[in-house]
Amino acid sequence: MDPQRPHKIVITAHDVDGAQPHHRHSGSDETSVTNPPALPAAAPWITYAGWLCAAVLVIVLAIVALRSSGDRTAAVDASTTQRYWQELVDAVAAAQLPDMRVEVEPYVVVAALRDHATRCQVACDAIQSLGTQRVDAAAAQWAAAWIGQLEAEASLATDYAGFVQRGADFAAWSTSGEALLYAFLRGYAGDPFGPALEQSALSRELREEFRQLDGRVRVLHEGKKRLLANGQHLKSELQVKFRQYFRDLPDAMNRSGSDTEI
């Protein structure tokens, strides 16, 4: 090869049919370089099998992770719900009206009713302060129903205490010496029937107030019965669901409010 003449390198590839490349010749020296033979391609079924194995492995790992996470969540929900139920039952049981079916003085009843109203409000505050995170939804709904029940009971107890107070004051005044003196002075002033008419009007007002209060008592009594029945059913469901023991409702909660004679 003459060093003075230009030297060209021509790179050619194999034909599609695998034939040898065609060399082009010109007046100048040319060096023909061919591509190296291509490696045989992997069989398609080997590639598909690899992807399939990888996909199956990912799915299996995901299922294991989900089951592990679900087991941990269920354990937390069970213990948290059990503790929530315990605190809820304690709060409601502490707000029950004491048994007053024995003969008691009206002023004792007034004090007991006002104390009951206070304890109902304290129970409402205690239930509202309970956290509901990881707590069974049915238990939280039962607690919300008790909040409404206890708020209504607190309002009724306050109104009933006022009614008993006024009735006791009226009875005490009607039989007192002051009432006799008042009637005498009214009669001396030309109005002998005035005190009797006033007492009659007050008596009618008290009877009407009692009728309204008694209606509220009956409504709350029915609502409480439904709550207790739902609570018993819910307790059984929670025990089956979480396979743990949930506290029974205390006997004080099962005593009817209308059984108390005031």
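Residues numbered from 1 in each chain as written. Predicted model: local features only at pLDDT ≥ 70, side-chain atom pairs only at ≥ 80, totals over all residues. Heavy atoms only, no water.

1. As for the overall build of the chain
Piece 1. Within the chain one finds 6 helices and 2 strands.
Piece 2. When its helices and strands are written in sequence order, the chain yields β-β-α-α-α-α-α-α.
Piece 3. Within the chain, buried positions represent 28% of all 262 residues.
Piece 4. Across the chain, every contact between residues at least 6 apart in sequence was considered, and the portion connecting residues at least 24 apart equals 72%. (Helix = DSSP H or I, 4+ residues; strand = E, 2+ residues; numbered from the N terminus. Buried < 20%, exposed > 50% of the residue type's maximum accessible area, 1.4 Å probe, protein only. Contact = heavy atoms within 4.5 Å.)

2. Overview of the pattern of salt bridges
Piece 1. By the definition in use, this model includes 8 salt bridges.
Piece 2. Residues Asp115 and Arg119 are paired through a salt bridge, measuring 2.8 Å at the closest nitrogen-oxygen approach. Placement of the pair is Asp115 and Arg119 together in helix α2 (residues 106-128), with a separation of 4 residues, close to one helical turn.
Piece 3. Taking the relative accessible area as the measure of exposure, Asp115 reaches 40% and is therefore partly exposed. (Salt bridge = Lys/Arg side-chain N within 4 Å of Asp/Glu carboxyl O.)

3. As for the side chain of Gln149
Piece 1. Mapped onto the elements, Gln149 comes out in helix α3 (residues 137-174).
Piece 2. Residue class for Gln149 comes out buried when judged on its relative accessible area of 8%.
Piece 3. Not counting chain neighbours up to four residues away, the residues in contact with Gln149 comprise Leu220, Gly223, Lys224 and Leu227.

4. Some remarks on the side chain of Asp136
Piece 1. Looking at the element boundaries, Asp136 is found in the loop between α2 and α3.
Piece 2. Given the relative accessible area of 11%, Asp136 is considered buried.
Piece 3. Residue contacts for Asp136: discarding those within four places in its chain leaves Thr81, Leu238, Lys241 and Phe242.

5. Thoughts on α2
Piece 1. Between its first and last C-alpha atoms α2 spans 33 Å; for 23 residues at 1.5 Å apiece the expected length is 33 Å, and the two agree.
Piece 2. Buried within α2 are the following residues: Val109, Val110, Ala112, Leu113, His116, Ala117, Cys120, Ala123, Cys124 and Ile127. (Expected span 1.5 Å × (residues − 1).)

6. What to know about helix α5 (residues 194-242)
Piece 1. For α5, which comprises 49 residues, the first-to-last C-alpha distance of 70 Å matches the rise-based estimate of 72 Å (1.5 Å per residue) to within 8%.
Piece 2. Backbone geometry just after α5 places Arg243 at a positive phi near 55°.

7. Observations regarding the confidence of the model for the chain
Piece 1. Summarising the model, the chain shows a mean pLDDT of 76, and 63% of its residues fall at 70 or more.
Piece 2. Here residues 7-34 is modelled with pLDDT under 50, and outside its nearest four sequence neighbours on either side it reaches 40 contacts, counting other chains as well.
Piece 3. Every residue in residues 256-262 is under pLDDT 50, and counting partners more than four places away or in other chains gives 15 contacts. (pLDDT = per-residue confidence, 0-100.)

8. Comments concerning the nonpolar core
Piece 1. With 30 residues, the main nonpolar core has Trp85, Leu88, Ile127, Trp142, Trp146 and Leu150 as its most contacted residues.
Piece 2. Of the residues forming this core, the biggest block, 8 residues, is contributed by α3.
Piece 3. Setting aside residues no more than four positions away along its own chain, Ile127 makes contact with Leu88, Ala91, Val92, Ala143, Trp146, Ile147 and Leu150.
Piece 4. Judged by nonpolar contacts, the second largest core, of 14 residues, contains Leu113, Ala161, Phe163 and Val217. (Core = buried A, V, L, I, M, F, W, Y, C linked by side-chain atoms within 4.5 Å.)

9. Some remarks on the environment of Ala111
Piece 1. With respect to the secondary-structure elements, Ala111 resides in helix α2.
Piece 2. C-alpha of Ala111 to C-alpha of Ala161: the two residues are 50 residues apart in sequence and 7.6 Å apart in space.

10. Description of unusual backbone geometry
Piece 1. With a phi angle near 65°, Arg134 is a residue other than glycine that sits in the positive phi range.
Piece 2. Inspection of the secondary structure assignment puts Arg134 in the loop between α2 and α3.

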